[in-house]
Amino acid sequence: MPRAESGFSVLSDDFAATPYRYFPGLRERAPVHYEPTIDSYFLSRYQDVKRVLTDHQAFSTETLQVRAEPVMRGPVLAQMTGAEHTAKRKIVVRGFTGQVLHDQIRAVHANAAELIAPFLPRGRVDLVNDFGKPLAIYVTVDILGLDKKDWQQIAAWHSGVAEFITSITLTPERRRHCLDCAEQLEAYLVPLIEQRRRHPGEDLISKLCTAEFDGITMSNRDVTALIINVLAAATEPADKTLALLIKHLIDHPEQMAQVRQDPSLLPAAIAETLRYTPPVQLIPRRSEKDAVFAGATVPAGATVFCMIGAANRDPEAFTAPDTFDIHRPDLGTARSFTAAAQHLAFGTGLHQCVGAAFARAEIETVAAMLLPILDQVRYSPGFRYRETGLYTRGPASLSLDFTPVHEGVPDRDWQV
């Protein structure tokens with residue numbers, strides 16, 4: 001087992017290539033790992049990570065002022081507390097529930113069917129680059145009510161925003177590029193926000209512009225920040241989770257067969273994917289006072305990175321944690337997309353991801369559509385699997401072969 005000792009770094013190429021190899025050593029021998037080059041502490045044990053994510057007085061989201069606000073063009077939900085947080089969170093959550101969510105899921109299904117159709121007669125698709133990434137942007141553009149013809153430009157701007165938020169270190173050139181992307185995205189959005197204020201529709205931007213909760217409304221700056229927040233939150237995890245889900249089921253053919261036979265197992269398969277390989281690997285917080293973990297002191301004012309991938313594989317929290325098992329009794333599938341989830345893939349507590357219910361519905365809808373048509377799905381000849389990313393992590397590509405389909409996507413009962 002690689003040792004978490006002097007000379008070891010979570011910023012190294014070795015760690016980036018295979019972080020899961022290093023997690024047991026970190027949890028056992030260096031549960032509070034310090035990285036001097038970025039003056040930050042990395043926590044890997046489940047209980048420590050859960051403590052940081054649930055104790056909002058001792059561990060604040062102030063780091064986001066530096067890590068997110070410059071590209072979000074304003075404060076985001078995770079930075080807010082008290083009445084403002086409650087009101088604005090409720091406004092956003094209302095944009096992802098009830099009839100609105102049902103309509104969004106219809107759009108998800110339509111977009112997914114359109115994107116997969118050209119690949120069905122060929123019997124081959126890269127589920128990440130041909131399908132997952134464009135689908136995530138398509139769906140988000142639809143929800144926000146943006147013009148679909150602009151999706152590639154929006155995707156390029158979003159890529160810069162995501163790079164800024166998810167990079168531990170950035171060169172001055174890359175930092176400038178990311179900020180340029182954010183500024184151009186803001187310039188694109190502000191006239192749309194003003195137009196939706198005058199002529200609101202059914203889209204999420206209109207709802208954010210016109211919503212009021214306990215007397216609190218949204219300024220243009222608030223709406224801009226939340227739109228970019230939704231863009232980042234709705235696209236980053238969804239495409240990664242879908243590809244990881246299909247990969248794990250291919251690697252565990254008996255569980256693939258069970259899910260195909262009984263689609264009600266799909267939520268458990270998604271929840272186990274989120275536990276086993278969470279797409280968001282790091283969640284940052286700032287320590288507001290000295291805090292002791294495993295006998296080591298994290299000083300007040302320090303940046304603390306919660307290692308979600310390591311926490312979700314902690315044997316203190318899960319039995320046989322390095323085994324992918326959709327039937328595990330300690331998963332709690334029903335709670336897996338709420339703040340009470342046992343796994344920590346969506347964070348937990350007050351700042352648990354607002355889009356968790358939507359993400360579940362999106363991934364479930366798309367997987368339920370894909371599994372019946374990707375018959376005898378397997379890796380393409382010569383394909384070599386590789387994951388990338390330190391902060392968010394997922395497959396670089398996923399080239400799959402399957403039995404060609406010539407009659408298009410079956411129109412089956414897809415509602416979740």
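Treat the numbers as computed from the prediction; the structure is a model and nothing was measured.

Conventions used here
Residues numbered from 1 in each chain as written. Predicted model: local features only at pLDDT ≥ 70, side-chain atom pairs only at ≥ 80, totals over all residues. Heavy atoms only, no water. 1 Å grid on protein atoms, 1.4 Å probe; cavity = no way out; pocket = protein on both sides within 12 Å on 5 of 7 lines; lining within 4 Å. Points joined across faces, edges and corners; volume = space filled by probe spheres on them. Helix = DSSP H or I, 4+ residues; strand = E, 2+ residues; numbered from the N terminus. Nonpolar A, V, L, I, M, F, W, Y, C, P; charged D, E, K, R; others polar. Pairing = 2+ DSSP bridges. Contact = heavy atoms within 4.5 Å. Axes fitted to C-alpha atoms, helices over the stretch in contact; angles between N-to-C directions. Buried < 20%, exposed > 50% of the residue type's maximum accessible area, 1.4 Å probe, protein only. Parallel < 35°, antiparallel > 145°, perpendicular 65-115°, else oblique. Left-handed = near helix turned anticlockwise from the far one by under 90°.

Following the criterion strictly, the structure yields three cavities of 30 Å³ or more and no others. The volume enclosed by the second largest cavity comes to roughly 60 Å³. Surrounding the second largest cavity, Gly132, Leu135, Ala136, Ala238, Asp239, Leu242, Glu362, Ile363 and Val366 form its lining. Listed by contribution, the elements that provide at least two residues to the lining of the second largest cavity are helix H8 (127-144), helix H12 (220-251) and helix H16 (356-373). Here the residues of the lining of the second largest cavity are counted per class, giving six nonpolar, one polar and two charged.

A word on the sheet that holds strand E5 (residues 282-287). The five strands are arranged E1-E2-E8-E5-E3 in an open sheet whose pairing can be described as mixed. Because the sheet does not close on itself, it has two edges, and the strands there are strand E1 (32-35) and strand E3 (59-60). For E5 and strand E8 (residues 303-307), the ladder comprises five bridges, and the chain directions are antiparallel. In the sheet register, Ile283 faces E8, and the bridge partner there is Cys306. The sheet contacts of helix H3 (residues 46-54) involve strand E2 (40-43), E3, E5 and E8, and relative to E8 the element is tilted by about 125 degrees.

Take helix H14 (residues 266-276) next. In terms of residue burial, H14 counts as a mostly covered element, since eleven of its eleven residues are buried. Listed in full, the buried residues belonging to H14 are Leu266, Pro267, Ala268, Ala269, Ile270, Ala271, Glu272, Thr273, Leu274, Arg275 and Tyr276.

Right, let's get into the packing of helix H9 (residues 151-166) against helix H10 (residues 172-198). Between two packed helices, both the angle of their axes relative to each other and the distance between the axes serve to describe the pair. Viewed as axis vectors pointing N to C, H9 and H10 meet at an angle of 130 degrees, and their least axial separation amounts to 8 Å. The pairing of H9 with H10 is recorded here as oblique in orientation. When the axes of H9 and H10 are compared, the crossing they make is left-handed. Contacts from Ile154, Ala156, Trp157, Gly160, Val161, Glu163 and Phe164 in H9 reach Arg174, Arg175, His177, Cys178, Leu179, Cys181, Ala182, Gln184, Leu185 and Tyr188 in H10. Among the residues making up the contact of H9 with H10, the classes are represented as eleven nonpolar, three polar and three charged.

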